[in-house]
Amino acid sequence: DQTVYKFMITVVKFVLWMLYILTLLAIIGVPITSLVAIITALTLGVTLAVQSSVSNLANGIILLANKPFKIDDFVEINGVSGTVVDISIFNTKLRTSNNEIITMPHNVTINNPIIDYTSLEMRRIALDVSVSYDSDMNKVKQVLLDTIKEQDLVLQDQANSVNLAKMNSSSIDFSVKVWTATENYWDCFFALTESVFNKLRENNIEIPYNKLDVFIKQNEQNQKEIK
């Protein structure tokens, strides 16, 4: 596993360097027992001073043990989404869709929900479509079903559906749910949205939007002056 590999390499390097330094000191005659006691005391003091870093280290080990995600997964952590590019001893680095690198401390990662969008082979797209109350509901449903069947990126052998979901004050909402391969999610989402819009237009199905009617009331004096 590339994630575990990188993490363990970092830890092993640190441990080997410490052993290397202790061995050199022993060779040149430095008393190791006293040195170990000094190092232990220093380690305790440093540990108290950098509790957050130690906590990040411990949480990093927990993350590697549980493996909620791995390098190259697209995840969302604490409201931040991106592709995992590195998991180090103390933090995880995400590359956003805008090509920005965000460093996420393991303390933040371990204490927040983690959404892994790419761990499974399929994802479902849920699209809400609003139409006018004057529309023929059966026709709308059939148009939406036909639109789904025309999409190449939609997995036609899955349980795709179109259902009347909600009756609003000025519109009726249909819920369109389709399945697609994880790597095709956004391409399928945009293609489906555009196709639904065009199909509704082609079939003269009204897409409602907010309207504002303004009435101007004039007093009698103004009406006489106008006459």
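Before going into details, it helps to say that this report is about the structure given with it. (Residues numbered from 1 in each chain as written. Predicted model: local features only at pLDDT ≥ 70, side-chain atom pairs only at ≥ 80, totals over all residues. Heavy atoms only, no water.)

Here we look at the overall build of the chain
When you go through the chain residue by residue, the secondary structure sums to seven helices and eight strands. Split into buried and exposed, the 227 residues of the chain put 26% on the buried side. Taking all contacts inside the chain whose residues are at least 6 apart in sequence as the whole, residues at least 24 apart take part in 60%. Total accessible area computed for the chain in this model is approximately 15,500 Å², and 56% of it derives from carbon and sulfur atoms. (Helix = DSSP H or I, 4+ residues; strand = E, 2+ residues; numbered from the N terminus. Buried < 20%, exposed > 50% of the residue type's maximum accessible area, 1.4 Å probe, protein only. Contact = heavy atoms within 4.5 Å. Areas by Shrake-Rupley, 256 points an atom, 1.4 Å probe, with all protein chains shown as cover.)

Quick look at the nonpolar core
Grouped together as the largest cluster of nonpolar side chains are 20 residues, with contacts concentrated most on Val-129, Leu-144 and Val-176. Elements supplying a minimum of two residues to this core: strand E6 (122-131), helix H5 (137-149), strand E8 (172-181) and helix H6 (185-202). When residues in this core are grouped by element, the largest group, five residues, is from H6. Beyond its immediate sequence surroundings of up to four residues, Val-176 is in contact with Ile-125, Ala-126, Leu-127, Val-129, Leu-144, Ile-148, Ser-161, Val-162 and Leu-192. By size, the runner-up hydrophobic cluster in this structure holds eight residues, among which are Val-75, Ile-77, Leu-94 and Met-104. (Core = buried A, V, L, I, M, F, W, Y, C linked by side-chain atoms within 4.5 Å.)

Some words on the sheet that holds strand E5 (residues 114-116)
Within the open sheet, the five strands sit side by side as E4-E3-E2-E1-E5. Their pairing is antiparallel. Edge positions in the sheet fall to strand E4 (101-105) and E5, since each has one partner strand and no second. Strand after strand, the sheet turns through a mean of 40° between neighbouring axes, direction not considered. (Pairing = 2+ DSSP bridges. Axes fitted to C-alpha atoms, helices over the stretch in contact; angles between N-to-C directions.)

Points about the environment of Thr-193
Along the chain, the position of Thr-193 falls in helix H6. Distance in space between the C-alpha atoms of Thr-193 and Asp-128 is 9.6 Å, their sequence separation being 65 residues.

Quick notes on the pairing of strand E3 (residues 91-95)
Examined bridge by bridge, strand E2 (residues 80-87) and E3 share four bridges and lie antiparallel to one another. Bridge pairing links Asp-86 to Lys-93 in E3. Connecting the antiparallel pair E2 and E3 is a turn made up of three residues. Of the pairings in the sheet, the one linking E3 to E4 comprises five bridges and is antiparallel in character. Within E4, the residue paired with Asn-91 across the bridge is Pro-105.

Examining the packing of aromatic side chains
Given two aromatic rings, one states the distance between the centres and the angle between the planes to describe the pair. Tallying each qualifying case throughout the model produces seven aromatic pairs. Measuring from centroid to centroid gives 5.6 Å for Phe-189 and Phe-190, while their planes differ by 75°, and the two rings are edge-to-face. Ring pairing ties together the aromatic residues Tyr-185, Trp-186, Phe-189 and Phe-190, which thus form one cluster. Over the face of the ring belonging to Tyr-185 we find Arg-123, whose NZ or CZ atom lies 3.8 Å from the ring centre. (Phe/Tyr/Trp six-rings, centres within 6.5 Å; stacked < 30°, edge-to-face > 60°. Lys NZ or Arg CZ within 6 Å of the ring centre and 35° of its normal.)

Some remarks on unusual backbone geometry
Here Asn-78, not a glycine, exhibits a phi torsion of approximately 55°, which is positive. As for its position among the elements, Asn-78 is in the loop between strand E1 (74-77) and E2. Taking relative accessible area as the criterion, Asn-78 reaches 45% and is therefore assigned partly exposed. Located in the positive-phi region is Asn-204, a residue other than glycine, with phi close to 55°. By the element assignment, Asn-204 lies in the loop between H6 and helix H7 (220-226). Taking the relative accessible area as the measure of exposure, Asn-204 reaches 73% and is therefore exposed.

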